[in-house]
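As a plain string of letters, each chain reads:
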Amino acid sequence: MTIELENKQALVAGDGSLPVQMAKYAKENGFEVVCISLSSDNYKELKKYCSKVYSYSPLQVSKIEKTLKDEQVKQLTFLGKVHKGLLLKRPAMIDSRVIELMGKVKRLNDDQVMLLIIEEMEKLGITILDQTIFIKNCMIPSGVLGKVQPTEAQKEDVDYGFYMAKEMGRLDIGQSVVIKDKMVMAVEAIEGTDRCIERGAKIAKKGASIVKVAKPSQDNRFDIPAIGLNTLKVMKKYKASLIALEANKTIIVNQKEVVDFADKNNIVIMAV
């Protein structure tokens, strides 16, 4: 189904450069972007491309909802990582609306939380867009992306890792696993991909393979798997040697920069 895009777009931005790329592309193509910034790391960059940037904690849901209503936006894109660990580390900042919403879900796993948020946004007359609409050029096709080719042993690890990552995704635990010699070194949970790599690669000592996939029932409105340069830097630090991503369902932020870094550090990047 084709969606007719409104001129005024809302962006809820988490960590990283992906929200910035969306805002930049949208502005260059004549859209106005109003941003709800949930992270300080890209705030200055977002201000270059958005007509307004409001800075809130992810736990200030009442203020976020009021701002979206005041701005009269009809379409919204979620982009960037928002760490669920905030629920554990900063309970004092949780407003009453968050407590109300948390009481509606049996488990605080990604899908249930995001589907509830989408339901609440729709009550405000806001449609949540497919995350890839403004950044389709960041999706990767199948094949080896750089100059470094995988060994047969690495390919076997990728096959096993792909199966295990899909199972973890089906359970809505995480999207990434760390594999070595067809053994699971680590499974991604609340900490995110980079910390998962750190844990698993430390156990593997050297030569770990990382596999990151979309969930079997992936909803493209949220949580599309993505990596950037920082993931490759973590791999280098802990001597991981390969990362495999699901083709046509995964985003690489600043792809040329990421592939160049991988080539220089003898890391395999492949999409399967």
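Look a little higher up for the structure.
Residues numbered from 1 in each chain as written. Predicted model: local features only at pLDDT ≥ 70, side-chain atom pairs only at ≥ 80, totals over all residues. Heavy atoms only, no water.

Q: Outline helix 9 (residues 229-237), supporting the account with residue identities and numerical values.
A: Of the positions making up helix 9, those classed as buried are Leu229, Thr231, Leu232, Val234 and Met235. Contacts made by the buried residues of helix 9 are with helix 8 (193-204), strand 9 (209-212), strand 10 (226-227), strand 11 (242-245), helix 10 (255-264) and strand 13 (268-271). Trailing helix 9 by a residue or two, Lys239 shows a phi angle of about 60 degrees, which is positive. (Buried < 20%, exposed > 50% of the residue type's maximum accessible area, 1.4 Å probe, protein only. Helix = DSSP H or I, 4+ residues; strand = E, 2+ residues; numbered from the N terminus. Contact = heavy atoms within 4.5 Å.)

Q: Summarise the sheet that holds strand 3 (residues 52-55); cite the residues concerned and give the values.
A: Ordered by their spatial adjacency, five strands build an open sheet running 3-2-1-4-5, and the pairing between neighbours is parallel. Both outer strands of the open sheet, strand 3 and strand 5 (127-128), are each paired with one neighbouring strand and no more. Where strand 1 (residues 8-13) lies against strand 2 (residues 32-37), six bridges are found, and the strand directions are parallel. Within strand 2, the position partnered with Leu11 by the bridge is Cys35. Sitting on the sheet, helix 3 (residues 61-71) touches strand 1, strand 2, strand 3 and strand 4 (75-79), and the angle it makes with strand 2 is about 165 degrees. (Pairing = 2+ DSSP bridges. Axes fitted to C-alpha atoms, helices over the stretch in contact; angles between N-to-C directions.)

Q: Lay out the pairing of strand 7 (residues 176-180) with the relevant residues and their values.
A: With four of five residues buried, strand 7 lies mostly within the body of the structure. Direction of pairing for strand 7 relative to strand 9: antiparallel, over a ladder of four bridges. Paired with Val177 across the bridge in strand 9 is Val211. Pairing of strand 7 with strand 8 (residues 183-187), which is carried by four bridges, proceeds in the antiparallel orientation. Following the sheet pairing, Val177 is matched in strand 8 by Val187.

Q: Could you give an account of the sheet that holds strand 7, naming the residues involved and the relevant values?
A: An order of 6-13-11-9-7-8 is seen for the six strands of this open sheet, with the pairing classed as mixed. Two strands in the sheet have a free side with no partner beyond their single neighbour: strand 6 (143-144) and strand 8. Strands strand 7, strand 8 and strand 9 of the sheet are contacted by helix 8, whose axis makes an angle of about 145 degrees with strand 8.

Q: I'd love a proper account of the pattern of salt bridges, names of residues and values included.
A: Counted under the stated rule, the structure contains 22 salt bridges. Here Lys8 ties to Glu71 by a salt bridge, and the two come within 2.9 Å at their closest N and O atoms. Taken together, the residues span a long stretch of sequence, with Lys8 in strand 1 and Glu71 in helix 3 at a distance of 63 residues. For Lys8, a relative accessible area of 24% puts it in the partly exposed group. Overall, the relative accessible area of 8% leaves Glu71 in the buried class. As a salt-bridge pair, Glu45 and Lys48 come within 2.8 Å of each other at their nearest N and O atoms. Placement of the pair is Glu45 and Lys48 together in helix 2 (residues 43-49), with a separation of three residues, close to one helical turn. One network of salt bridges, with partners in common, ties together Glu65, Arg97, Glu100, Lys104, Glu120 and Lys123. (Salt bridge = Lys/Arg side-chain N within 4 Å of Asp/Glu carboxyl O.)

Q: Can you lay out the pairing of strand 1 for me, pointing to particular residues and giving the numbers?
A: Counted residue by residue, strand 1 has five buried out of six residues, so it is predominantly covered. Note on the crossover from strand 1 through helix 1 (residues 18-28) to strand 2: the handedness is right-handed. As judged from the four bridges shared by strand 1 and strand 4, these two strands associate in the parallel manner. Counterpart to Leu11 in the pairing with strand 4 is Thr77. (Right-handed = clockwise from strand over helix to strand, strands pointing away.)

Q: Kindly report on the nonpolar core, identifying the contributing residues and their values.
A: Counting residues in each nonpolar core, the largest one holds 28 residues, and the members touching the most others are Val178, Ile210, Leu232, Met235, Ile243, Ile252 and Ile269. Elements supplying a minimum of two residues to this core: strand 8, helix 8, helix 9, strand 11, helix 10 and strand 13. Leave out the neighbours within four places in its chain, and Ile243 touches Ile210, Ile227, Thr231, Met235, Val268, Ile269 and Met270. Ala13, Val20, Val53 and Ile224 belong to the second-largest nonpolar core, a separate cluster that totals 20 residues. (Core = buried A, V, L, I, M, F, W, Y, C linked by side-chain atoms within 4.5 Å.)

Q: Outline unusual backbone geometry, supporting the account with residue identities and numerical values.
A: One non-glycine residue, Asp181, adopts positive backbone phi at about 55 degrees. Tracing the sequence through the fold places Asp181 in the loop between strand 7 and strand 8. Notably, Asp223 is not glycine yet its phi reads approximately 60 degrees, a positive angle. Along the chain, the position of Asp223 falls in the loop between strand 9 and strand 10. Classification of Asp223 as partly exposed rests on a relative accessible area of 24%.

Q: Describe the packing of helix 8 against helix 9, with residues and values.
A: Contact geometry of helix 8 with helix 9 gives a least axis separation of 9 Å together with a crossing angle of 10 degrees. One element, helix 8, and the other, helix 9, form an angle in the roughly parallel class. Of helix 9, the residues touching helix 8 (which contributes Asp194, Ile197 and Glu198) are Asn230, Thr231, Val234 and Met235. Of the residues assigned to the contact of helix 8 with helix 9, the class counts are three nonpolar, two polar and two charged. (Parallel < 35°, antiparallel > 145°, perpendicular 65-115°, else oblique. Nonpolar A, V, L, I, M, F, W, Y, C, P; charged D, E, K, R; others polar.)

So far we have only geometry, and geometry alone does not tell us how the molecule works.
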